[in-house]
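For reference, the chains in residue letters:
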Amino acid sequence: MRMDIVTIFPDMFKSPFAESIVKRALEKGLVELNIVDLRRYTHDKHRQVDDAPYGGGPGMVMKPEPFFEAVEDLKNPSLKTVVVLLSPAGEVFNQRMARSFLAYEQIIILCGRYEGVDERVHQHLADKIVSIGDYVLTGGELPAMVLTDALIRLIPGVITADSTAEESFAEGLLEYPHYTRPASYRGMDVPAVLLSGDHKRIAAWRKEQALKRTLKYRPDLLEDNGSGVLD
Ligand code: ADE
């Protein structure tokens, strides 16, 4: 999978992808990550990427031309590509959407900044507009990292299939609690069932715990609300 991230802050992406699982996926060549400076696609002396909004109002709006030129330049015509614009005004990201992106060979991610991005980028350039949640961040860079991380770990070979199948959301419930040694720590004991060696009882306990947790923290997941987590 090839990923191109278009941003005015390419340096922000250095450390998140230089560690651990993502780093290994890049080293193994399972993902090709290309961080692109949007200013590369400006032609004026000041390398301007934003301008005042038509109609007035506060703040600046990101200009359309650099985004269009970036996508034209980066799009590999022999790959199945999707262009994603990150915006708090988009469809909310979830595990189902992460999985759906696996169908593409190239994903071009556009990070917005300032008050917003010219509407023509939304309407005529992006295939999908994605929000990572109902809160407003200073830009699309952190959301791009979230999306990229969620996607990379689903790519076959990046982590074991067991981990992705067992975890939260894969079965429509939050994940069951995990424990490791020591069995007793400062008076806090690991539930006896986990030490029993009885795999059937352990599986039943885990299922019950997952249900209890989901009921407490995410009762919405127990109804099919179309969010994709009950697949
Ligand atoms: N840019 C600013 N806030 C955002 C959010 N919540 N999701 C995606 N992009 C954003």
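Residues numbered from 1 in each chain as written. Predicted model: local features only at pLDDT ≥ 70, side-chain atom pairs only at ≥ 80, totals over all residues. Heavy atoms only, no water.

Some thoughts on the site of the ligand
Heads up, the rule is: Definition of nearness: a residue and a molecule or strand are near each other if at least one heavy atom of the residue lies within 4 Å of the molecule or strand. We define a polar contact as two N or O atoms separated by no more than 3.5 Å, with the added condition that, inside protein, one atom must be a possible hydrogen donor and the other a possible acceptor, whereas residues neighbouring each other in sequence contribute only through side-chain atom pairs. The accessible surface values rely on the Shrake-Rupley method and a 1.4 Å probe; as for residues, cover is taken only from the protein chains in view. Helix and strand labels come from DSSP, where a helix needs a run of H or I of at least four residues and a strand needs a run of E of at least two; each type is numbered from the N terminus.
In the vicinity of the ligand, the residues found are Leu-86, Ser-87, Pro-88, Val-130, Ser-131, Ile-132, Gly-133, Tyr-135, Val-136, Leu-137, Gly-139 and Pro-143. Between Gly-133 and the ligand, the recorded distance is 3.2 Å, taken from a backbone N or O atom to a nitrogen atom. Between a nitrogen atom of the ligand and a main-chain N or O atom of Tyr-135, the distance comes to 2.8 Å. Alone, the ligand offers 270 Å² of accessible surface; in the complex the protein occludes 96% of this. Elements with a contribution of two residues or more to the shell around the ligand: strand 5 (81-92) and strand 8 (128-131).

A word on the domain arrangement of the protein chain
Just so we agree on the cut-off: As annotated, the domain borders come from an automatic or database domain assignment.
For the protein chain, the assigned domains read domain 1 (2-152) and domain 2 (166-223). A straight line from the C-alpha centre of domain 1 to that of domain 2 covers 37 Å.

Describing the pairing of strand 1 (residues 2-7)
Working note: regular strand, side chains alternate between the two faces of the sheet. Here is the rule we go by: Each residue's exposure class comes from its accessible area (1.4 Å probe, protein chains only) as a fraction of the maximum for that residue type: buried when under 20%, exposed when over 50%, partly exposed otherwise. DSSP bridges decide pairing: two strands pair if at least two such bridges lie between them. Looking down the strands as they point away from the viewer, one classifies a crossover as right-handed if the path from the first strand across the helix to the second runs clockwise.
In terms of burial, strand 1 is a largely internal element, six of the six residues being buried. Side chains Arg-2, Asp-4 and Val-6 project from strand 1 onto one buried face, and the interleaved Met-3, Ile-5 and Thr-7 project onto a second face that is buried too. Where strand 1 meets strand 2 (residues 32-37), six bridges bridge the pair, whose relative direction is parallel. Counted as the bridge partner of Ile-5 is Ile-35 from strand 2. Taken together, strand 1, helix 1 (residues 20-27) and strand 2 form a β-α-β motif whose crossover is right-handed. Bridging between strand 1 and strand 6 (residues 106-111) involves five bridges; their strand directions are parallel. Along strand 6, the bridge assignment pairs Met-3 with Ile-107.

So, the pattern of salt bridges
Applied cut-off: Salt bridge, as used here: a side-chain nitrogen of Lys or Arg that lies within 4 Å of a carboxyl oxygen of Asp or Glu.
Across all of its chains, the model carries nine salt bridges by this definition. The partner of Lys-14 in a salt bridge is Asp-11, and the shortest N-O contact between them spans 3.1 Å. No difference in accessibility class separates Lys-14 from Asp-11, as the two residues are exposed. For the salt bridge of Glu-65 with Lys-63, the shortest nitrogen-to-oxygen distance reads 3.3 Å.

A short note on the sheet that holds strand 8
Filter applied, for reference: Under this scheme, a helix contributes an axis fitted over its contacting stretch, all axes are lines through C-alpha atoms, and angles between N-to-C directions fall in the 0 to 180 degree range. Contact criterion: two residues are considered in contact whenever any of their non-hydrogen atoms come within 4.5 Å of each other.
Spatially, the five strands line up as an open sheet ordered 2-1-6-5-8, and their pairing is parallel. The open sheet terminates on both sides in strands that have one partner only, identified here as strand 2 and strand 8. Strand-to-strand twist of the sheet, defined as the mean angle between neighbouring strand axes without regard to direction, takes the value 30 degrees. Contacts between helix 2 (residues 64-74) and the sheet are confined to strand 1, strand 2, strand 5 and strand 6, with strand 6 contributing the most and set at about 165 degrees to the helix. Packing against the sheet, helix 5 (residues 141-152) makes contact with strand 1, strand 2, strand 5, strand 6 and strand 8, and its axis sits at approximately 160 degrees to strand 6.

Digging into the sheet that holds strand 4 (residues 61-62)
Reading across the sheet, the three strands line up as 3-4-7 and stay open at both edges, with mixed pairing between neighbours. On the outer flanks of this sheet lie strand 3 (50-51) and strand 7 (116-117), each paired with one strand and no other. Where strand 3 and strand 4 come together, two bridges link them in antiparallel fashion. If you follow Asp-50 over to strand 4, its bridge partner there is Met-62.

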